[in-house]
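# Results of the structural survey
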Amino acid sequence: MSENISNPTVASSPTTARSGAGANIDTNHTLVELSHVEKHFGRLHVLKDINLKVTKGEVLVVVGPSGSGKSTMCRTINRLESIDSGVIRIDGEPLPEEGKDLANLRAEVGMVFQSFNLFANKTILDNVTLAPIKVRHMDRKDAEDLAMDMLTRVGVESQASKMPSQLSGGQQQRVAIARALAMKPKIMLFDEPTSALDPEMVNEVLDVMIELAQEGMTMICVTHEMGFARKAADKIVFMADGRILEENTPDEFFEHPKTQRAHDFLSKILTH
Ligand SMILES: Nc1ncnc2c1ncn2[C@@H]1O[C@H](COP(=O)(O)OP(=O)(O)OP(=O)(O)O)[C@@H](O)[C@H]1O
Ligand SMILES: [Mg+2]
């Protein structure tokens, strides 16, 4: 791992003072805004009057029980899922329904999933250069320089010529982060990026995320990693049954949850 990756112990230390992007936040610049968003899957009402703002440089952590709509909410933000009503704006622009405008806006939002979704038949370098070449129309040499910078940033530059199957899960997930960063997104969405990893690889991914937060990246992270949430989040959103029940600073959320649902959720998750 390269030297720019911080101390791997920090991510698992829930008592460490929060060092999130706080200082980088520009509260006048809203990058993501969900307004009265509703979504059904058939008869199942999965998102209920979701209202949310994420400003530039802010790190939002989304927590909540399984099935509460966290992934669906993330997926609506880059239009992997449509919504029934309401408005989603990315940097002030309403999310287009389809077409070139949608592709352009989607490129502003980097997404990292639980499963790494790397192309198995392409090298690590090719995985990272693909979108900059196809979507941003970069020439190959520039795209490769950019890809190497991003792979260096996440500490896997020495793996560039390998195939995904030759890397550990933690390395593959860091490549997935590098691939998203290569598009120079305005916002990064993470949906449980460490939950498919072996325990010893969780921190190497969380450390990269903490570094991104500290560098001022705007981030929305769904995670069960409460140590990370305490350390990196500027704001915690708690979802249950398709609704946002609480929105608060990490200290307030963890120390003084306002709802019984959040209290029950925390007592379950923190006793493990
Ligand atoms: N494509 C789909 N079709 C039908 N129902 C879906 C679909 N995707 C999700 N759901 C349902 O919508 C609800 C919200 O799911 P979602 O995946 O957003 O929850 P989550 O909070 O991310 O849960 P988890 O913590 O388990 O990942 C669940 O009841 C789920 O079964
Ligand atoms: Mg989910």
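For every chain, the first residue of its written sequence is number 1, and the numbers climb from 1 along that sequence. Labels follow written order: the first chain is A, the first ligand is 1, and so on. Confidence filtering applies because this is a predicted model: local features only for residues at pLDDT of at least 70, side-chain atom pairs given and counted only at 80 or more, and all residues used for totals across whole chains, interfaces and linings. Based on all heavy atoms of the structure, the side-chain values leave hydrogens and waters out of the count.

Put simply, the rule is: UniProt positions are given in the numbering used here, feature names are shortened, and annotations may be inferred rather than shown by experiment.
Taking an unreviewed UniProt entry as the reference, the protein is identified by name as ABC-type polar-amino-acid transporter belonging to Bifidobacterium aemilianum. For the record of the protein, the UniProt heading Catalytic activity (unreviewed entry) holds the text "a polar amino acid(out) + ATP + H2O = a polar amino acid(in) + ADP + phosphate + H(+)". Taken directly from UniProt, the Subcellular location (unreviewed entry) text for the protein runs: "Cell membrane".

### Examining the environment of Val156
Short version of the rule: Strands here are runs of E lasting at least two residues and helices are runs of H or I lasting at least four, both read from the DSSP assignment and numbered beginning at the N terminus. Buried means the residue's accessible area, taken with a 1.4 Å probe over protein chains only, is under 20% of the maximum for its type, while exposed means over 50%, and partly exposed covers the values in between. Contact definition: two residues touch when any of their heavy atoms are within 4.5 Å.
Relative to the helices and strands, Val156 resides in the loop between helix 4 (140-153) and helix 5 (169-181). Taking relative accessible area as the criterion, Val156 reaches 0% and is therefore assigned buried. On a C-alpha basis, the gap between Val156 and Ile220 in space is 23 Å, while along the polypeptide they are 64 residues apart. If we ignore the near neighbours within four places in the chain, the residues touching Val156 are Leu151, Gln171, Arg174 and Val175.

### What to know about the pattern of salt bridges
What counts here: By definition, a salt bridge exists where a carboxyl oxygen of Asp or Glu is found within 4 Å of a side-chain nitrogen of Lys or Arg.
Throughout the structure, instances matching the rule amount to 13 salt bridges. Notably, a salt bridge pairs Glu81 with Arg75, separated by 3.5 Å at the nearest N-O pair. By relative accessible area, which is 27% here, Arg75 ends up partly exposed. Put simply, Asp91 and Lys186 hold a salt bridge, and the shortest N to O gap is 2.6 Å. Placement of Asp91 in the loop between strand 4 (85-90) and strand 5 (93-94) and of Lys186 in the loop between helix 5 and strand 7 (187-191) is noted, with a sequence separation of 95 residues between them. Asp91 sits in the partly exposed class, given a relative accessible area of 25%. Three or more residues are tied together by salt bridges with common partners; here these are Lys39, Arg75 and Glu81.

### Points about the packing of aromatic side chains
How we decide: Note on aromatic pairs: the rings of Phe, Tyr and Trp (six-membered ring only in Trp) are paired at centre separations within 6.5 Å, and the planes decide the class, stacked below 30 degrees, edge-to-face beyond 60, tilted for the rest.
Per the stated rule, a full pass over the model turns up three aromatic pairs. On the basis of an interplanar angle of 70 degrees and a centroid distance of 5.4 Å, the ring pair of Phe253 and Phe254 is categorised as edge-to-face. With respect to burial, Phe253 and Phe254 carry one shared label: buried. Among the aromatic residues, ring-to-ring pairing joins Phe238, Phe253, Phe254 and Phe265 into one connected group.

### Points about the site of ligand 1
Just so we agree on the cut-off: Near, as used in this document, describes a residue that has one of its heavy atoms within 4 Å of the molecule or strand being considered. Polar contacts here mean pairs of N or O atoms no more than 3.5 Å apart (in protein, one a potential hydrogen donor and the other a potential acceptor; neighbouring residues in sequence count only if both atoms are side-chain atoms). Working definition of accessibility: Shrake-Rupley area with a 1.4 Å probe, residue cover restricted to the visible protein chains. Note that Gly is not counted as nonpolar here; it falls among the polar residues with everything else outside the nonpolar set of Ala, Val, Leu, Ile, Met, Phe, Trp, Tyr, Cys and Pro and the charged set of Asp, Glu, Lys and Arg.
Within the structure, ligand 1 sits among Phe41, Leu44, Val46, Pro65, Ser66, Gly67, Ser68, Gly69, Lys70, Ser71, Thr72 and Glu192. Interatomic distance of 2.8 Å between a backbone N/O atom of Gly67 and an oxygen atom of ligand 1. With respect to ligand 1, the side chain of Ser71 contributes an N or O atom lying 2.8 Å from an oxygen atom. Contact with the protein chains hides 59% of the accessible area of ligand 1, taken as 630 Å² for the molecule alone. Those elements that place two or more of their residues in the shell around ligand 1 are strand 2 (44-56) and helix 1 (70-77). Tallied by class, the residues present in the shell around ligand 1 amount to four nonpolar, six polar and two charged.

### Let's talk about the nonpolar core
Cut-off, in case you're wondering: We call a set of buried residues a nonpolar core when its members are Ala, Val, Leu, Ile, Met, Phe, Trp, Tyr or Cys and they connect through side-chain atoms within 4.5 Å of each other.
If you look at the biggest cluster of nonpolar residues, it comprises 53 residues, and the most contacted ones within it are Leu151, Ile177, Met188, Phe190, Met209, Met219 and Phe228. It is helix 6 (residues 199-214) that provides the largest number of residues to this core, a total of nine residues. Once you skip the residues sitting within four places of it in the chain, Met209 turns out to touch Ile177, Phe190, Pro193, Met219, Cys221 and Phe228. Counting 25 residues, the second-largest nonpolar core is a separate cluster that includes Val32, Leu34, Val37 and Ile88.

### Observations regarding the confidence of the model for the protein
The condition that has to hold: The predictor's confidence in any single residue is recorded as pLDDT, a number from 0 to 100.
Of all residues in the protein, 91% have pLDDT values of 70 or greater, and the mean over the chain is 89. Between residues 1-19, whose pLDDT stays under 50, and residues either more than four places distant or in other chains, the model counts 41 contacts.

### Some details on the packing of helix 3 (residues 124-134) against helix 5
What describes two packed helices is the angle between their axes and the distance between those same axes. Cut-off, in case you're wondering: Between the N-to-C directions of two axes lies an angle of 0 to 180 degrees, each axis being a line fitted to C-alpha atoms and, for a helix, fitted only over the stretch in contact. For classification purposes, an angle smaller than 35 degrees is called roughly parallel, one larger than 145 roughly antiparallel, one from 65 to 115 roughly perpendicular, and anything else oblique. Take the far helix as your reference; a near helix turned counterclockwise from it by less than a right angle gives a left-handed crossing, and one turned clockwise gives a right-handed crossing.
Put simply, helix 3 and helix 5 touch, their axes get as near as 8 Å, and they point 25 degrees apart. As far as their axial angle goes, helix 5 and helix 3 are roughly parallel. Our pair here, helix 3 against helix 5, has a crossing hand that is right-handed. Contacts between helix 3 and helix 5 involve Ile124, Asn127 and Val128 on the former and, on the latter, Val175, Ala178 and Arg179. Class assignment of the residues belonging to the contact of helix 3 with helix 5 gives a composition of four nonpolar, one polar and one charged.

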